[in-house]
Structure formats: C-alpha cells, structure tokens
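Here are the chains, one letter per residue:
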Amino acid sequence: MPHLIADHTTLYYREAGEGPLALFIHGFPLDHTLWLDQLRGLAHLRRCVAPDLRGFGRSDPAGAEGLPMGTMADDVAALIQALDADSADVVGLSMGGYVALALWERHPDLVRTLTLADTRATADGAQAREKRESMIDRLLDRGRSALGEEMVGALLGEAPSARARARLRTMTEATPYETLVAAIEGMKRRQDRTGLLSAMSLPVLVITGEEDSVIPPAEAEALAEAIPGARLVTIPGSGHLPPIEQPEAMTRALEEFWSS
Ligand code: MLT
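All values reported here derive from a predicted model rather than from experimental measurement.

**Re unusual backbone geometry**
The amide bond that connects Phe-28 to the next residue, Pro-29, takes the cis arrangement and shows omega of -5 degrees. Along the chain, Pro-29 falls in the loop between strand 3 (21-25) and helix 1 (36-42). Its identity as a non-glycine residue notwithstanding, His-8 has a phi of 65 degrees, on the positive side. With respect to the helices and strands, the residue His-8 is situated in the loop between strand 1 (3-6) and strand 2 (9-16). For Ser-94, which is not a glycine, the phi torsion comes out positive at approximately 55 degrees. With respect to the element layout, Ser-94 can be found in the loop between strand 5 (88-93) and helix 3 (95-106).

So, in structure tokens, the structure goes:
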C-alpha cells in the first residue's frame, strides 16, 4: 500500500480511481477498510483515498503524545498536499468527523466539500468522559476482544448483516491497545467545534444511520441545521456505520452530493 511520512510517522493509505481528490477518514476503532465499498463504487468519479490514521491499521503506532484530533487533522492535511491536490472532498465518520472538523478549522483551504457521517461537533460532557474512563479500564482489564464484542452491540443497527459484523470485529481486533487507549483519550479531550458551524461556507452533507444509537439521528439533524445550506441524508437499516451496514446507500448519497 502507498504511504507518506508525516511528522516522523508513516501513514498508509489505499487509493482507487482518478479525478478530483476525495479523502475518507475512518472512525474509532476502525481503519481504512471501513471505506472499501465506497472506494470501489466512487472510483469513476473521484481519486478516492482512504488513509489509516496514525496508530490504526498499517500506519505507525501512536507516539507518547497520544492522538489529539488536531494532530490527526494535520496528518490528513499533509496527505492532501503530498497527493498534489489543492483541496479534497473530505468525508469523515464519527471520530473521522471530529478529525474532519479539526481539518476544516486548521486548513480550510484544503477542504472543497465536507461530508459528516454519524458524528457531532460538540465536546464530551462529564458523563461521556466518565464512560471513556470506564472503557479504558475495561480494555486494560479484559483485553481488546471484549471491546470487539461490545462494539458489535453498540455500533451496528438492529439487524446487522454477518458481513458487517465480521468487518467490524476484524477492524476492532486488529487495532493495537495503545491506539485504543490513546484515541479514547484524544476523543475525551477534544474541543467543542460547534462555534465553527455557522461560518461554514462550503457544501456540507450530513449523513446519519436511522438506527444510530451512539450519535442518534436527532443530533445529526441539529448538526445539519446549524450549518448554512447543509443537506441531511438518513440511511435506513443502518446504525453508526453506514459504509459497511448499507454500503450502496452510503455510496449513492456521496455520488448524489458530489454530482449536484
Ligand atoms: C467512533 O465511531 O468513531 C466513536 O464511536 C466516536 C466516539 O466514541 O465519540
């Protein structure tokens, strides 16, 4: 797989297709394979690139500095520049959406359009931070296979396909311990970015799985309402992970957005 070195860290990415750059940012505790169907389905429209964020997939392990959203956003910026693109259609899911918003905040010129899937702009409240702490404790206590089981229950919709379950387990169980802990810490400390929303002057698509219980559709509606001109697409039969739960509907939503 191709790679680049950003800030002494080797970052891998998968690419398909030709045309304007589209960049796909995965969520937690996932990797670039979240987007395999979209890379296949959108290669006729875009040069589709899906990196493994630092610490995830085949990219280098997370360093002692942990995994702040801003650092991962700077990595994505370095990737867009290394690919010789002026800007990209950026798609971020959940934690990938936190990173995409940080990218917009730090490098707005690199973002042509933004798709925010199953994500939010708010920071963690006290209760969410406590849940993060207890997830770290469970991880250290019972190992990451316990997390794999927990993720299948929490992230997928009411009747997930065997393939979606298998893909989620594979990604979760392949993610190193130190990455899991560093990313949970990074999400726990992320800043509130709702202040950015009303000033967004680029085309924005908000996507939500109709059965998302991690970031429920009502939050996606509020996010779309806060961004001038943003569209909202709700994907039936999906929980938190439309790219693997309803891959065709996810691909179609992006195709329609980019073609409009
Ligand atoms: C994700 O899917 O990236 C995470 O569930 C996001 C979060 O825990 O806030």
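**What to know about the packing of helix 4 (residues 126-142) against helix 7 (residues 177-188)**
Where helix 4 contacts helix 7, the two axes come as close as 10 Å, and the packing angle between them is 170 degrees. One way to sum up the angle between helix 4 and helix 7 is to call them roughly antiparallel. Across from Arg-129, Arg-132, Glu-133, Met-135, Ile-136, Leu-139 and Leu-140 in helix 4, the residues of helix 7 making contact are Tyr-177, Leu-180, Val-181, Ile-184, Glu-185, Met-187 and Lys-188. Its residues assigned to classes, the contact of helix 4 with helix 7 comprises nine nonpolar, no polar and five charged.

**What to know about helix 10 (residues 247-259)**
Between its first and last C-alpha atoms helix 10 spans 18 Å; for 13 residues at 1.5 Å apiece the expected length is 18 Å, and the two agree. Within helix 10, burial applies to Met-250, Thr-251, Ala-253, Leu-254, Phe-257 and Trp-258. Down the axis of helix 10, the sector holding all buried residues measures 155 degrees, keeping them to one side. Opposite the buried face of helix 10, by more than 90 degrees, sit the exposed residues Glu-248, Glu-256 and Ser-259.

**Some thoughts on helix 4**
Two residues of an α-helix separated by three or four positions point the same way, owing to the 3.6 residues in each turn. Between its terminal C-alpha atoms helix 4 stretches 24 Å, which fits the 24 Å expected from 17 residues at 1.5 Å a residue. Among the residues of helix 4, Arg-132, Met-135, Ile-136 and Leu-139 are the ones counted as buried. Buried residues of helix 4, seen end-on, are gathered within an arc of 100 degrees and therefore sit on one face of the element. Away from its buried face by more than 90 degrees, helix 4 exposes Ala-126, Gln-127, Glu-130, Lys-131, Asp-141 and Arg-142. For helix 4, the secondary structure elements touched by its buried residues are helix 3, helix 5 (144-155) and helix 7. Phi turns positive, to about 90 degrees, at Gly-143, one or two residues after helix 4.

**Observations regarding the sheet that holds strand 3**
Pairing is mixed in the open sheet, where eight strands are placed in the order 1-2-4-3-5-6-7-8. At either margin of the open sheet sits one strand with a lone partner, and together these are strand 1 and strand 8 (231-235). Taken over all neighbouring pairs, the strand axes of this sheet differ in orientation by 25 degrees on average, direction set aside. Bridge count between strand 1 and strand 2: four bridges; the pairing is antiparallel. Paired with Ala-6 across the bridge in strand 2 is Thr-9. Contacts from helix 3 reach strand 3, strand 5 and strand 6 (111-117), with the element oriented near 140 degrees to strand 5. Helix 8 (residues 217-226) rests against strand 6, strand 7 (204-209) and strand 8 of the sheet, and its axis sits at about 170 degrees to strand 7.

**Digging into the site of the ligand**
The full set of residues close to the ligand is Gly-27, Phe-28, Ser-94, Met-95, Tyr-98, Arg-132, Met-187 and His-240. Met-95 is positioned with one of its backbone polar atoms (N or O) 2.8 Å from an oxygen atom of the ligand. The side chain of Arg-132 places a nitrogen or oxygen atom 2.7 Å from an oxygen atom of the ligand. Considering the ligand on its own, with 270 Å² of exposed area, one finds that the protein chains cover 92% of that surface. Class assignment for the residues of the shell around the ligand results in four nonpolar, three polar and one charged.

**Digging into the pattern of salt bridges**
Counted by the stated rule, this structure contains 17 salt bridges. Arg-106 is paired through a salt bridge with Asp-74; the nearest N and O atoms lie 2.9 Å apart. Here Asp-74 lies in helix 2 (residues 69-82) and Arg-106 lies in helix 3, a separation of 32 residues in the sequence. By relative accessible area, which is 41% here, Arg-106 ends up partly exposed. Judged by its relative accessible area of 30%, Asp-74 falls in the partly exposed class. A salt bridge links Arg-169 to Glu-149, with the nearest nitrogen and oxygen atoms 2.9 Å apart. Placement of the pair is Arg-169 in helix 6 (residues 162-173) and Glu-149 in helix 5, with a sequence separation of 20 residues. With a relative accessible area of 26%, Arg-169 lands in the partly exposed category.

Criteria and cut-off values
- Residues numbered from 1 in each chain as written.
- Predicted model: local features only at pLDDT ≥ 70, side-chain atom pairs only at ≥ 80, totals over all residues.
- Heavy atoms only, no water.
- Helix = DSSP H or I, 4+ residues; strand = E, 2+ residues; numbered from the N terminus.
- Axes fitted to C-alpha atoms, helices over the stretch in contact; angles between N-to-C directions.
- Parallel < 35°, antiparallel > 145°, perpendicular 65-115°, else oblique.
- Contact = heavy atoms within 4.5 Å.
- Nonpolar A, V, L, I, M, F, W, Y, C, P; charged D, E, K, R; others polar.
- Expected span 1.5 Å × (residues − 1).
- Buried < 20%, exposed > 50% of the residue type's maximum accessible area, 1.4 Å probe, protein only.
- Arc of directions from axis to C-beta.
- Pairing = 2+ DSSP bridges.
- Near = heavy atom within 4 Å.
- Polar contact = N/O pair within 3.5 Å; in protein donor to acceptor, adjacent residues only side chain to side chain.
- Areas by Shrake-Rupley, 256 points an atom, 1.4 Å probe, with all protein chains shown as cover.
- Salt bridge = Lys/Arg side-chain N within 4 Å of Asp/Glu carboxyl O.

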